[in-house]
Amino acid sequence: MSMKDLFGGIYAGRRVLVTGHTGFKGSWLAAWLSEMGAEVAGFSLPAPAEPSHWRLLNLSIDETLGDIRDAALLEAAVDKFRPEIVFHLAAQPLVRESYRIPAETYAVNVVGSVNVYEACRKAGSVRAIVSITTDKVYKNREWEWGYRENDRFGGFDPYSASKACAEIATESYRDSFWPRGSFGSKHTTLLATTRAGNVVGGGDWAADRLIPDLMRAAASGTAATIRNPDSTRPWQHVLEPLCGYLLLGRKLLEAQTEFAEGWNFGPADDGVVPVRIVVDRMTNAWNAVRVEFKPEPNAPHEARLLKLDCSKAKDRLGWKPVWSGLETVEITASWYRAWTEGKRGTTLSDIERYVRDARAAGLQEI
C-alpha cells in the first residue's frame, strides 16, 4: 500500500495547515503529511539555529514565517491558504524556559491558540482542528495511576498551567462556536485536543531536554549533565502521538462529531520509566553517549511522576503504542548516529518503518 492510501487516503490532496511546522514535532508531521500527498502549509517562527530538523527535511510547502500572537498575519495566512484541517502545534514548549519567560509563555500558549481558532473561524474553510497541548495539563498529584481525559486540569509551572488554560479556552470555543450538537446545521467545524507525553526522536535539538542533551554531548565527545535521574516520565517516539493525531483528524474530517473532545496518547508501560533507565538504554544503543549525574538543589520545580491512561484512544480510535521503550531509544539513537556521520538523518525511512510495524501490530486504522 502506498503512503497516499494511509488513513483511508483522507490526507491525499487535502489542504492541511500545520502551525509550528519548523519545530520538532511539527516538522515530523509536515514530512509525514507530505509523504501522503497532502497539500501542506505551515505557519511558524523561523526554524531555530543550526542544526534544524526542518531545514534538513528541505520540504517544499507553502510557508508563512510569523508569531501566532500576530493575529492579523495569522488570519491573512489562513484566509489565503484556506485549509480544510489545521494541526495546531505552535507553542512555547519548555518547562524550564517558562520560568524565565512566564508572561510570554501564557501569551503564546493561550492567546496564540485563541488567535488560531479565530483565524479558522473567520476563514470559513476549516472543517477540523486538532489542537496539541500536553500531558502536563492535568493537576499532577504525583501518583502511580494514569490520568484520564476527564481528570482535573492544573499546572504548577507556567508552561503546564498555560497549556491547561489553553484546554479551557479550547473547550469554550467548542461550546460557544462549534458545539457538536449543531454540527451540520449551524457550523461545519469540529475541534479536538490531544495530550501526549515526552516525545523523542531524531532531529530534536531543543535546550533542556534529555535526548537532545545526550545527543549534543555524544556528537561533541563530552558527557551530558543529568539533573533529575529518578524522575519518571512517559517516553514515546514522536511518530506514536502523530499517528494518533492523524487518526483523530481523519475522524473529524469524516464528520464524526463524537471525536471532537480531548484525547490522551502515551506509551506502553515499558515507556513510563525514570530518566536513569532512558539514559542506560541510550548508552547501550550508542556507546558515544556519556553522562554525569549532577542534581541541581535549587532548580525550579519539575514533576517527578506523570502517567497517562490511554484506554479511550485504544478503545475508540483503534490507536495503540507500536514501538517498545527499547525500540524507541534504539531508533532515536540510530537517527542521531546517522546525522553525526554526515548523512541527513533517517526521518522518511523511520516513517516507513513505523507504518510497517504498525500494520504488523494490528493497527488497522492506519
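For the structure, see preceding data.
What comes next is a walk through the structure. (Residues numbered from 1 in each chain as written. Predicted model: local features only at pLDDT ≥ 70, side-chain atom pairs only at ≥ 80, totals over all residues. Heavy atoms only, no water.)

## What to know about the packing of helix α5 (residues 102–123) against helix α6 (residues 158–176)
Helix-helix packing is characterised by the crossing angle of the two axes and by the distance between the axes. Let me state the cut-off plainly: Inter-axis angles, ranging from 0 to 180 degrees, are taken between N-to-C directions of lines fitted to C-alpha atoms, where helices are fitted over the stretch in contact. In this text, helices come from DSSP runs of H or I with a minimum length of four residues, and strands from runs of E with a minimum of two, each type numbered from the N-terminal end. Each angle gets one of four labels, with under 35 degrees taken as roughly parallel, over 145 as roughly antiparallel, 65 to 115 as roughly perpendicular, and the rest as oblique. For a crossing to be left-handed, the near helix must be turned anticlockwise from the far one by less than a right angle; the clockwise case is right-handed. We call two residues in contact whenever any of their non-hydrogen atoms come within 4.5 Å of each other. Side-chain classes follow a simple rule in which Ala, Val, Leu, Ile, Met, Phe, Trp, Tyr, Cys and Pro form the nonpolar group, Asp, Glu, Lys and Arg form the charged group, and the remainder, Gly included, forms the polar group.
α6 packs onto α5 with a crossing angle of 20 degrees between their chain directions and a minimal axis gap of 8 Å. Taken together, α5 and α6 sit at an angle that is classed as roughly parallel. The interaxial crossing formed by α5 with α6 has right-handed handedness. Contact residues: α5 offers Pro102, Thr105, Tyr106, Asn109, Val110, Ser113, Val114, Tyr117, Glu118 and Arg121, while α6 offers Pro158, Tyr159, Ala161, Ser162, Lys163, Cys165, Ala166, Ala169, Thr170 and Tyr173. When its residues are assigned to classes, the contact of α5 with α6 shows 12 nonpolar, 5 polar and 3 charged.

## Observations concerning the packing of aromatic side chains
The line we're drawing: Between 30 and 60 degrees the pair is tilted, below 30 it is stacked and above 60 it is edge-to-face, where a pair is any two Phe, Tyr or Trp rings, Trp via its six-membered ring, whose centres lie within 6.5 Å. Residue exposure (1.4 Å probe, protein chains only): buried if accessible area is under 20% of the type maximum, exposed if over 50%, otherwise partly exposed. Put simply, a charge is over a ring when the Lys NZ or the Arg CZ is close to the ring centre, within 6 Å, and near the line of the ring normal, within 35 degrees.
Throughout the structure, instances matching the rule amount to 20 aromatic pairs. Plain terms: the ring middles of Trp143 and Trp145 are 5.8 Å apart, the flat faces sit at 75 degrees to each other, and that makes the pair edge-to-face. Residue classification places Trp143 among the partly exposed positions, given a relative accessible area of 31%. Note on Trp145: relative accessible area 55%, which makes it exposed. Among the aromatic side chains, those forming a connected cluster through ring pairs are Phe7, Tyr11, Trp32, Phe87, Trp323 and Tyr354. The ring of Phe81 carries Arg15 above its face, with NZ or CZ at 4.3 Å from the centroid.

## Brief notes about the pattern of salt bridges
Formally: When a carboxyl oxygen of Asp or Glu lies within 4 Å of a side-chain nitrogen of Lys or Arg, that pair is called a salt bridge.
For the structure on display, the rule yields 20 salt bridges. For Asp135, the salt bridge is made with Lys136, and the minimal N-O distance between the two is 3.5 Å. Each member of the pair, Asp135 as well as Lys136, is classed as buried. Ionic pairing is found between Glu365 and Arg250, a salt bridge with its closest N-O pair at 3.7 Å.

## So, the sheet that holds strand β2 (residues 39–44)
As a reminder, the rule being used: Only strands that DSSP links by at least two bridges are regarded as paired with each other.
One open sheet holds the 7 strands; their spatial order is β3-β2-β1-β4-β5-β6-β10, and the pairing between them is parallel. A single partner strand is all that each edge strand has here, and the edge strands are β3 (62–65) and β10 (262–265). The sheet shows a mean angle of 15 degrees between the axes of neighbouring strands, direction not considered. Relative to strand β5 (residues 128–132), strand β4 (residues 85–88) runs parallel, the two sharing 4 bridges. When the sheet's bridge partners are listed, His88 is paired in β5 with Ser131.

## A few points about helix α11 (residues 325–340)
Definition in use: Multiply 1.5 Å by the residue count of a helix minus one, and that product is the helix's expected span.
An ideal rise of 1.5 Å per residue puts 22 Å on 16 residues; α11 measures up with 23 Å between its terminal C-alpha atoms. Along α11, the residues that are buried comprise Gly325, Thr328, Val329, Ile331, Thr332, Ala333, Trp335, Tyr336 and Ala338. Just past α11, the residue Gly342 takes up positive phi, approximately 100 degrees.

## Quick notes on unusual backbone geometry
For Phe7, which is not glycine, the phi torsion reads 55 degrees and is therefore positive. With respect to the secondary-structure elements, Phe7 resides in the segment before β1 (15–19). Owing to a relative accessible area of 0%, Phe7 belongs among the buried residues under this scheme.

## Quick look at the nonpolar core
Side chains of a nonpolar character, in soluble globular proteins, are inclined to be buried together. Filter applied, for reference: By nonpolar core is meant a set of buried Ala, Val, Leu, Ile, Met, Phe, Trp, Tyr and Cys residues that side-chain atoms within 4.5 Å join together.
Counting 87 residues, the largest nonpolar core has Phe7, Tyr11, Trp32, Leu33, Phe87 and Leu214 as the members making the most contacts within it. Of all the elements, helix α8 (residues 239–253) adds the most residues to this core, at 9 residues. Phe87 has contacts with Tyr11, Val16, Leu17, Val18, Thr19, Leu29, Leu33, Val130, Tyr245 and Leu246, leaving out every residue within four places of it along the chain. If you look at the next biggest cluster of nonpolar residues, it comprises 21 residues, including Leu17, Ala41, Phe81 and Val116.

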